[in-house]
Structures are given as structure tokens and as C-alpha cells.
Amino acid sequence: MLFDPPPNNNCPICSGEGYAISSKGEYAFATQCECVPQCVRCNGTGIVSVVKDGARRTGRCRCQKLPDRIQLFNYAKLPVLQGHNSFQNFRHINKGATLAVKSCNSWIREFNAKKASKGLVLSGEVGRGKTHLLIAIVKTLIFEFGVRARFIEFSRLLSILRDGYSRGESNSELLSQLATVPILAIDELGKGRLTDWELSIIDEVVSRRYNAMGIILGTTNYSWEPPTGKGVANLSEDFSSQTLGDRVGPRVFSRLQEICYFAPVQGQDFRALRPQRMN
């Protein structure tokens with residue numbers, strides 16, 4: 001059992017995970033589920049004392065593992081819409097989707113074995129489930145391994161930075177957080193109008209993590225290929241002919257190639273499979 005005391009596997013709220021997800025602003029917010037019983041070792045205080053060799057030692061009870069990981073989940077700032085994403089509720093609608101899940105699980109196994117020195121970028125067309133899988137990886141790292149991670153959608157990052165600049169505020173603290181967090185998950189790599197300023201932001205984020213040997217997880221709608229030589233500044237998004245190298249520039253793409261594996265996410269558009277007509 002991952003957590004002690006264990007949650008109720010038949011709980012209708014958390015389905016045995018031990019936490020319930022709601023919203024806090026634009027982010028998913030987790031709280032410990034009421035089905036988790038009070039710890040009998042510490043009577044819910046979170047502190048235990050033992051006497052060993054005549055000396056009393058006091059420390060945190062192991063029942064604090066779940067609250068600690070809930071705190072990590074809330075730090076990650078996952079979007080509300082995607083907060084419930086997991087490998088368990090990912091739809092294996094075709095072989096391409098199943099192969100993508102296998103790639104993600106292979107990376108997680110390497111990470112668990114402390115062999116993962118490189119990140120992972122999921123590449124595929126719109127609606128193939130890339131963000132779902134990215135968040136599933138992040139949640140696995142948080143709840144199974146207790147790893148601190150941060151999720152950011154790239155265009156949202158740009159919006160936050162612009163808002164800060166308009167108020168005359170420095171955003172060095174945010175960029176430092178993204179540079180130093182153990183796992184950084186960037187959704188929608190290559191998105192944007194690609195002004196010089198936007199390209200400088202992605203360059204700074206990737207370069208700082210490259211120099212610090214930080215792991216990057218990511219998604220992109222663009223093919224995992226180097227620049228084609230086309231101009232990129234202020235181009236509208238063209239998934240069919242532009243590459244990720246075109247969108248982020250040769251310097252950033254070269255570094256991503258060095259520090260990240262690539263996994264394709266193929267198949268049908270998940271959103272197109274949903275009912276489009278009101279009953």
C-alpha cells in the first residue's frame with residue numbers, strides 16, 4: 001500500500017487515491033479525502049516519539065507522506081480542466097495511443113531506477129492526448145516518488161510575464177523557480193507569435209535548465225525535427241510544414257535534442273470523437 005494509513009479503495013470521492021481534487025482559481029487543488037482514517041501511531045498529530053537505547057527520539061510520522069505529496073501536487077499548478085488526468089483514465093483508442101503510454105512508462109521506469117538523466121517531449125497533432133499524458137507523468141512523479149514538479153503552459157507563461165512587466169514587476173523569481181525545480185513540464189512548446197522577446201524567454205528557460213542539468217518534460221504539436229531554414233518570427237502556426245526547430249530556433253532545439261528523448265503521440269483526435277450535437 002502506497003500510503004499508511006490506507007485510503008478506502010471503495011471511496012466514491014477519491015476511488016482509493018486518498019485525495020480529492022477541486023479548483024483554486026485556474027489551478028487544480030487537492031485536499032486529503034475524508035476516507036483516510038486517523039493514524040493510530042500519532043493520533044493524528046503527525047509526530048511520533050520512540051525510546052531507543054534509553055534516549056527518546058521524536059520525528060514526523062509516516063502518515064504525513066500523503067499530506068506531503070498533496071502539497072507537492074498543489075505546488076505543481078496543474079490546470080483545473082486537466083487535474084484528474086491519469087494513466088488509468090487515458091483512452092487507448094488506437095495503437096498509436098497505446099504506444100505513447102508505453103513510451104511514458106518506459107521513461108518513468110528509468111526515472112525510478114535513477115537512470116533518467118534526460119527528459120521527454122511528446123510530439124503529435126492536436127487532440128492526441130499529449131497534455132493528458134504529460135500530466136499523468138507529473139502526477140506519477142509526485143504521488144509515487146515524492147518529486148517536486150512544476151507545470152506551465154508556454155503561452156500562459158508569456159501572459160504571466162507580460163502582466164508582471166506591465167505592473168513594473170520583475171519576474172526573475174518565477175523564472176528562477178522554473179530553472180531550479182527538479183521537474184519542469186512545459187505544455188505547448190513552439191506555441192506563440194515567436195517575437196524576439198518570446199524566443200528569448202524559451203531560450204532562457206531551456207538554457208538555464210540545460211546548464212543546471214534539470215529535467216524537462218514537454219509537449220508540442222510540431223514535428224521533432226531541426227530548423228528547415230524558414231523564417232520563424234511572427235509566423236502564424238503551421239503544424240503541417242513547420243518543425244519544432246523552426247518554432248524554437250536552432251540553439252534551443254539543439255539543447256532539447258541533447259537533454260530530452262522524443263516520443264510520438266499518434267492516432268485520432270480525441271476531441272473529434274466526442275458527441276458534437278446537443279440532444
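Residues numbered from 1 in each chain as written. Predicted model: local features only at pLDDT ≥ 70, side-chain atom pairs only at ≥ 80, totals over all residues. Heavy atoms only, no water.

### Some words on helix H2 (residues 95–112)
Counted at 1.5 Å a residue, the expected span for H2 with its 18 residues is 26 Å, and the 26 Å between its end C-alpha atoms agrees. Listing the buried residues of H2 in full gives Gly-96, Ala-97, Ala-100, Val-101, Cys-104, Trp-107, Ile-108 and Phe-111. Buried residues of H2, viewed axially, fall in a sector of 140 degrees; they line one side. Seen from the buried face of H2, the exposed residues on the opposite side, beyond 90 degrees, are Lys-95, Lys-102 and Arg-109. Phi turns positive, to about 60 degrees, at Lys-114, one or two residues after H2. (Helix = DSSP H or I, 4+ residues; strand = E, 2+ residues; numbered from the N terminus. Expected span 1.5 Å × (residues − 1). Buried < 20%, exposed > 50% of the residue type's maximum accessible area, 1.4 Å probe, protein only. Arc of directions from axis to C-beta.)

### Examining the sheet that holds strand S7 (residues 183–187)
Spatially, 5 strands are ordered S6-S7-S8-S5-S9 in an open sheet, and the strand pairing comes out parallel. Only two strands of the sheet have a single neighbouring strand rather than two, namely strand S6 (149–153) and strand S9 (260–264). Each strand axis lies, on average, 15 degrees off the axis of its neighbour in the sheet, ignoring direction. Pairing between S6 and S7: 5 bridges, direction parallel. If you follow Ile-152 over to S7, its bridge partner there is Ile-186. Sitting on the sheet, helix H3 (residues 130–145) touches strand S5 (119–123), S6, S7 and strand S8 (215–220), and the angle it makes with S8 is about 160 degrees. (Pairing = 2+ DSSP bridges. Axes fitted to C-alpha atoms, helices over the stretch in contact; angles between N-to-C directions. Contact = heavy atoms within 4.5 Å.)

### Some points on the layout of surface pockets
Taken as a whole, the second largest pocket holds about 430 Å³ of empty space. If you trace the second largest pocket, you find 19 residues lining it, with Glu-17, Tyr-19, Gln-88, Phe-143 and Glu-144 closest to the centre. Secondary-structure elements contributing two or more residues to the lining of the second largest pocket are H2 and H3. The element contributing the most residues to the lining of the second largest pocket is H3, with 5 residues. (1 Å grid on protein atoms, 1.4 Å probe; cavity = no way out; pocket = protein on both sides within 12 Å on 5 of 7 lines; lining within 4 Å. Points joined across faces, edges and corners; volume = space filled by probe spheres on them.)

### A look at the nonpolar core
Counting residues in each nonpolar core, the largest one holds 45 residues, and the members touching the most others are Trp-107, Ile-137 and Leu-217. Ranked by the residues each element gives to this core, the list is headed by H3, at 9 residues. In this structure Ile-137 touches Phe-87, Cys-104, Trp-107, Ile-108, Leu-120 and Leu-217, once residues within four positions along its chain are discounted. Within the second largest apolar cluster, 27 residues are counted, among which are Val-206, Leu-244, Leu-256 and Ile-259. (Core = buried A, V, L, I, M, F, W, Y, C linked by side-chain atoms within 4.5 Å.)

### A few points about unusual backbone geometry
Across the junction of Asp-4 and Pro-5, the peptide omega takes the value 5 degrees, indicating a cis bond. One can find Pro-5 in the segment before strand S1 (19–24). The phi dihedral of Asn-43 falls on the positive side, at around 55 degrees, and the residue is not glycine. On the secondary structure map, Asn-43 appears in the loop between strand S2 (27–32) and strand S3 (47–52). Overall, the relative accessible area of 54% leaves Asn-43 in the exposed class. Positioned with a positive phi, Leu-194 is a non-glycine residue whose angle comes to about 60 degrees. Within the element layout of this structure, Leu-194 appears in the loop between S7 and helix H6 (196–212). What makes Leu-194 buried here is its relative accessible area of 3%.

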